[in-house]
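Overview (structure and organization)
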Amino acid sequence: MCIFCQIVKGEIPCNKVYENDEFLAFHDINPKAPIHILVIPKEHVEKFQDTTPEMMAKITPFIQEIAKTLELDKRGYRLIVNNGDDGGQEVMHLHFHILGGTKLTWPQLAPDESKKYL
Ligand code: 5GP
Ligand code: ZN
């Protein structure tokens, strides 16, 4: 069973922010910003490429509600999904990173070859 499924089952502890029947939000163990929350479906879905429009329709208001609760909605935040190998996904259970609490930087994420598309 994957590590996030174990968190859902309560076999591994997490610092929970909010949950409902279908989704769970908890603090990232290695935060990359003052606020760094992971939002996951309780059902094991491997990656964003496997999501359905139905799941996206339900997880969107869940994420928006968390942003409001943490007062991230006014100043802004970043939502990140790493999908698969090239996307840098390390835990193969779909998760949305909510990052905020400060003005975030926008670092170069790949070598300069990306400029060839300009
Ligand atoms: P990915 O690179 O797959 O998009 O991100 C995985 C994230 O999960 C990383 O930011 C990492 O710090 C976080 N993470 C990995 N294992 C655990 C854990 O056991 N508990 C929590 N709370 N976060 C974890
Ligand atoms: Zn899982």
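The present account deals with the structure reproduced in this document. (Residues numbered from 1 in each chain as written. Chains lettered and ligands numbered in written order. Predicted model: local features only at pLDDT ≥ 70, side-chain atom pairs only at ≥ 80, totals over all residues. Heavy atoms only, no water.)

Describing the sheet that holds strand β5 (residues 96–100)
Within the open sheet, the 5 strands sit side by side as β1-β2-β3-β5-β4. Their pairing is antiparallel. Edge positions in the open sheet fall to β1 (16–19) and β4 (78–80), since each of these has one partner strand only. Put simply, the sheet's adjacent strands are angled 20° from each other on average, direction ignored. Two strands pair when backbone bridges link them, and strand β3 (residues 35–41) and β5 are joined in this way by 5 bridges, in the antiparallel orientation. The partner of Leu38 across the bridge, within β5, is His97. (Pairing = 2+ DSSP bridges. Helix = DSSP H or I, 4+ residues; strand = E, 2+ residues; numbered from the N terminus. Axes fitted to C-alpha atoms, helices over the stretch in contact; angles between N-to-C directions.)

Things to note about the site of ligand 1
Lining the immediate environment of ligand 1, one finds 16 residues, of which Asp28, Asn82, Glu90, His95 and His97 sit closest. Between an oxygen atom of ligand 1 and a side-chain N or O atom of Asp28, the distance comes to 2.5 Å. Burial of ligand 1 by the surrounding chains reaches 86%, relative to a free accessible area of 520 Å². Taken together, the elements giving at least two residues each to the shell around ligand 1 come down to α1 (3–9) and β2 (23–27). Looking at the shell around ligand 1 element by element, the count peaks at 3 residues for α1. Split by residue class, the shell around ligand 1 holds 7 nonpolar, 7 polar and 2 charged. (Near = heavy atom within 4 Å. Polar contact = N/O pair within 3.5 Å; in protein donor to acceptor, adjacent residues only side chain to side chain. Areas by Shrake-Rupley, 256 points an atom, 1.4 Å probe, with all protein chains shown as cover. Nonpolar A, V, L, I, M, F, W, Y, C, P; charged D, E, K, R; others polar.)

What to know about the coordination of the zinc ion (ligand 2)
At this site the zinc ion (ligand 2) is bound by Cys2 (SG), Cys5 (SG), His44 (ND1) and His93 (ND1), with donor distances of 2.0 to 2.3 Å. Around the zinc ion (ligand 2) sit 4 donor atoms, and with donor-metal-donor angles ranging over 102 to 120° the site reads as tetrahedral. Mapped onto the sequence, the donors of the zinc ion (ligand 2) take the spacing C-x2-C-x38-H-x48-H. Note that Cys5 is positioned in helix α1 and His44 in the loop between β3 and α2 (53–69), a separation of 39 residues in sequence. The buried category is assigned to Cys5, whose relative accessible area is 12%. (Donors = N, O, S within 2.8 Å, 3.2 Å for Na, K, Ca; no water. Tetrahedral: all angles 85-135°; square planar, octahedral: opposite > 155°, others 65-115°. Buried < 20%, exposed > 50% of the residue type's maximum accessible area, 1.4 Å probe, protein only.)

Some details on α2
The first and last C-alpha atoms of α2 sit 25 Å apart over 17 residues, in line with the 24 Å expected at 1.5 Å per residue. Every buried residue of α2 is listed here: Met55, Ile59, Phe62, Ile63, Ile66 and Ala67. Of the surrounding secondary structure, the elements contacted by the buried residues of α2 are β1, β2, β3, β4 and β5. Positive phi appears at Glu71, one or two residues downstream of α2, with a value of about 60°. (Expected span 1.5 Å × (residues − 1). Contact = heavy atoms within 4.5 Å.)

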